[in-house]
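Working through the structure, step by step
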Amino acid sequence: MDNDLSKIMEEAKARLAEARTQAETNEIRIKYLGKKGEITSVLKQMGKLSPEERKELGKAANIAKSKVENMINEKLEQVKQAEKAAQFKLEKIDVTEPGKDIRIGTKHPLAIVEEEIVRIFQSMGFSVYEGPEVETVFYNFDSLNTPDDHPSRDITDTFYVSDDILLRTQTSPCETRALLTKDIPFKIVVPGRCFRRDTPDATHSPMFHQVEGMVVDEGITLADLKGTLDEFAKQMFGSDTKTKFRPHYFPFTEPSAEVDVSCFKCGGKGCNVCKGSGWIEILGCGETHPNVLKVGNVDTEKYTAFAFGMGIERVAMLKYGIDDIRLLYENDMRFIDQFK
Ligand code: DAH
């Protein structure tokens, strides 16, 4: 039996030498010292022995037990240290390494210009109103007094989803939406994305952005429209900027006009930006047609309104001297990074 014990101890020692983890070491503890462990089973056989032999073996077994226990505890400590060291090595941070360069994003030029336009109108008391990009024919055309045979309704000009649903071609349908849902009087600007069936080239894109504006109140006249847009032009393009209203036609306004601003590059002398004319066209506008107000359930005896709409791309291209609209959608960081 003594022999058995020393064999068991040798074996335990050899196994411990090979153990690499806490789990492996604990398994060895169970194998030798557990309830069904090898030293325990030697002790269990003592019943068969004489009292003297039992005493002797009991002593030897207890010594073996505590030796194995010590070996295991020692090993456990070693393994724990080794595991910790390995983990530290893995998690070590080398504070002398150069830092990673974190790229700070920049605003897209269209976002910059849209925010600037909206901010200027907000400073004049306008609030922001938004509507859906997928629109009905009713809001996009019918409600805006657009004749049935107007060319803009053609499938060659407009993306139709079905007979009466389309991708809005302008932000103007939000005029009707606002008239039908908001309390009057109101002053709104509507920034948003629009779609037209244009073949992309340097100045055309099938997707583009507009800002619509509308003011409805008692006694609104063309003078209010001119004053508002004049103030906008001065804030947007510089305090010396002049505006010029040219008669035009839009179905939803009467009278209608296009607005030119004096060239912010040459001040009106003539240059490449204004193509020598000294003036740059920036928007369409007018007094809202009574038919539009009627669709919006507005009492046309009491209220009048004006509206305007401008292309954000056009303003951005003029302001930043961008000569190809497609640059605005390619997300080439070398381009976008220039607008910090
Ligand atoms: N919706 C017009 C367009 O896309 C722009 C426009 C012109 C809007 C006159 C208006 C307006 O509100 O009164 O060409």
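Below, the structure is looked at part by part.

We now examine the sheet that holds strand β6 (residues 243-250). Sheet strands pair by backbone hydrogen bonding; their relative direction is either parallel or antiparallel. Taken in spatial order, the seven strands line up as β1-β4-β5-β9-β8-β7-β6 in an open sheet, and their pairing is mixed. With partners counted over all chains shown, the strands left at the sheet margins are β1 (127-128) and β6, one partner each. Looking at chain direction, β6 and strand β7 (residues 253-262) are connected through seven bridges and run antiparallel. Of the residues in β7, the one forming a bridge with Lys244 is Asp260. On the sheet, helix α5 (residues 109-123) packs against β1, β4 (186-195), β5 (207-218) and β9 (303-311) and is oriented at approximately 165° with respect to β4.

A few words now on the site of the ligand. Surrounding the ligand, one finds 15 residues, the nearest of these being Gln170, Glu175, Arg196, Gln210 and Glu212. Ser172 has a polar side-chain atom sitting 2.9 Å from a nitrogen atom of the ligand. Measuring from an oxygen atom of the ligand, one finds a side-chain N or O atom of Gln210 at 2.8 Å. Mapped onto the shell around the ligand, the elements with two or more residues apiece are β5, β8 (279-288) and β9. Here the residues of the shell around the ligand sort into five nonpolar, seven polar and three charged.

Let us now look at the pattern of salt bridges. A complete count under the given rule lists 13 salt bridges for this structure. Between Asp148 and Arg153 there is a salt bridge, with its nearest N and O atoms 3.9 Å apart. Among the residues examined, Arg153 registers a relative accessible area of 13% and is labelled buried. Linking Asp332 and Arg334 is a salt bridge whose minimum nitrogen-to-oxygen distance equals 2.7 Å. A network of salt bridges, in which partner residues are shared, links Asp142, Asp148 and Arg153.

This model, assessed by the stated rule, comprises eight aromatic pairs. Where Phe138 meets Tyr139, the ring centres are 5.1 Å apart and the plane angle is 70°; that geometry is what we call edge-to-face. Look at Tyr139 and you get buried, because its relative accessible area is 17%. Linked through ring pairs, Phe121, Phe126, Phe232 and Phe308 together constitute an aromatic cluster. In this arrangement the basic side chain of Arg177 is found over the ring face of Tyr139, its NZ or CZ atom lying 4.1 Å from the centre.

Thresholds, definitions, all that
Residues numbered from 1 in each chain as written. Predicted model: local features only at pLDDT ≥ 70, side-chain atom pairs only at ≥ 80, totals over all residues. Heavy atoms only, no water. Pairing = 2+ DSSP bridges. Helix = DSSP H or I, 4+ residues; strand = E, 2+ residues; numbered from the N terminus. Contact = heavy atoms within 4.5 Å. Axes fitted to C-alpha atoms, helices over the stretch in contact; angles between N-to-C directions. Near = heavy atom within 4 Å. Polar contact = N/O pair within 3.5 Å; in protein donor to acceptor, adjacent residues only side chain to side chain. Nonpolar A, V, L, I, M, F, W, Y, C, P; charged D, E, K, R; others polar. Salt bridge = Lys/Arg side-chain N within 4 Å of Asp/Glu carboxyl O. Buried < 20%, exposed > 50% of the residue type's maximum accessible area, 1.4 Å probe, protein only. Phe/Tyr/Trp six-rings, centres within 6.5 Å; stacked < 30°, edge-to-face > 60°. Lys NZ or Arg CZ within 6 Å of the ring centre and 35° of its normal.

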